[in-house]
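Take a look at the letters that make up each chain.
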Amino acid sequence: MKTIPIFIFSVTVIIGGFILFHSLTYKNPASLATNIFPTETNSKVQVIKATYGPPFGFSPLDFSVKVGIPVRLEVLATENGRGCMGSITIPGLNEEVQTFRKGQTNIFEFTPRSLLGQYAITCAMGIPHATITVE
Ligand SMILES: [Cu+2]
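Bear in mind the structure is a predicted one, so any value in this text is a computation, not a measurement.

**Re the overall build of the protein chain**
What the protein chain contains, in helices and strands, is one helix and 11 strands. Along the protein chain, helices (α) and strands (β) appear in the sequence α-β-β-β-β-β-β-β-β-β-β-β when read from the amino end. Once local pairs closer than 6 in sequence are excluded, the contacts in the protein chain between residues at least 24 apart make up 64%.

**Considering the environment of Gly 53**
The topology assignment puts Gly 53 in strand 3 (residues 46–53). For Gly 53, a count of 18 C-beta atoms within 10 Å gives the class partly exposed. Residues Gly 53 and Asn 80 lie 27 residues apart in sequence; the distance between their C-alpha atoms is 7.7 Å. Each residue touching Gly 53, except ones within four places of it in the same chain, is listed here: Ala 77, Thr 78 and Glu 79.

**Notes on the nonpolar core**
In summary, soluble globular proteins display a tendency toward joint burial of nonpolar side chains. Counting residues in hydrophobic clusters, the biggest one holds 21 residues, and the most contacted among them are Tyr 52, Ile 90, Ile 121 and Ile 132. For this core, the elements supplying multiple residues, two or more each, are strand 3, strand 5 (62–65), strand 6 (71–77), strand 7 (87–90), strand 10 (118–122) and strand 11 (128–134). Tallying contributions element by element places strand 6 first for this core, with four residues. Apart from residues no more than four positions distant in its own chain, Ile 132 is found in contact with Phe 63, Val 65, Ile 90, Leu 93, Tyr 119 and Ile 121.

**Points about unusual backbone geometry**
Residue Pro 55 is reached from Pro 54 by a cis peptide bond, and omega for that bond is 0°. Within the fold, Pro 55 resides in the loop between strand 3 and strand 4 (57–59). The step from Ser 59 to Pro 60 runs through a cis peptide bond, and the omega angle for that step is -5°. Note on placement: Pro 60 falls in the loop between strand 4 and strand 5.

**So, the pairing of strand 6**
Covered by surrounding structure in strand 6 are Val 71, Leu 73, Val 75 and Ala 77 only, the residues Arg 72, Glu 74 and Leu 76 on the alternate face being uncovered. In the sheet, strand 3 pairs with strand 6 via seven bridges, with the strands oriented parallel. By the bridge assignment, Lys 49 is partnered in strand 6 with Glu 74. Looking at chain direction, strand 6 and strand 9 (residues 105–110) are connected through six bridges and run antiparallel. What sits directly across from Val 75, in strand 9, is Asn 106.

**A word on the pairing of strand 11**
Among the seven residues in strand 11, five count as buried, and that is most of the element. Two strands pair when backbone bridges link them, and strand 5 and strand 11 are joined in this way by four bridges, in the parallel orientation. If you follow Phe 63 over to strand 11, its bridge partner there is Ile 132. Across five bridges, the pairing between strand 10 and strand 11 is antiparallel. Pairing of Thr 122 across the sheet is with Pro 128, part of strand 11. What sits between strand 10 and strand 11 in their antiparallel hairpin is a turn of five residues, with Gly 126 showing a positive phi close to 95°.

**A few points about the confidence of the model for the protein chain**
Averaged over all residues, the pLDDT of the protein chain is 80; the fraction at 70 or higher stands at 68%. Predicted confidence is poor over residues 23–36, with pLDDT under 50, and the contacts of this stretch with residues over four places away or in other chains come to 19 contacts.

Procedures and definitions
Residues numbered from 1 in each chain as written. Predicted model: local features only at pLDDT ≥ 70, side-chain atom pairs only at ≥ 80, totals over all residues. Helix = DSSP H or I, 4+ residues; strand = E, 2+ residues; numbered from the N terminus. Contact = placed C-beta atoms within 7 Å. Buried ≥ 20, exposed ≤ 12 C-beta atoms within 10 Å, placed from the backbone. Core = buried A, V, L, I, M, F, W, Y, C linked by C-beta atoms within 7 Å. Pairing = 2+ DSSP bridges. pLDDT = per-residue confidence, 0-100.

Listed below in C-alpha cells is the structure:
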C-alpha cells in the first residue's frame, strides 16, 4: 500500500522538475523587446544571421523582417545541441525541425506572407527562444 504515495510523489517530482527546467530556459519575449536588430536586405532576400549555444542561447534575440520578401535565417551552432538547446523550428513560418551540431550552420528559408506580427523561434517542444517580427 506504500506504492501509491511513492508513485504520486515521483510524478510530482518529475513534472515539477520539467516545469522548473523550462522556467529557467524560457525567456519572456516582452522583456527582450528593446533589442530589435535590423535585417540585412537586398531586393531578393533578407538574410538573418544568428548563433545558438551556451551560455546565452539564441543571439541576437529579436529580428525584424519585411512582409513579402524571402528570408534566409542562418544559425551557427557554437555547441552540440541538447534538451531545449537541441532543436529549432519557427511555427507559422518554417516548421521544419532542425538539430544543432557544433560548427554547423542551420538554414531556414521562408517568405512572411502576412502582417501577423511576431513569430517565435522555438525548440521542438514549443518553448520560445527568440522572436521574428514581420513589418
Ligand atoms: Cu524545449
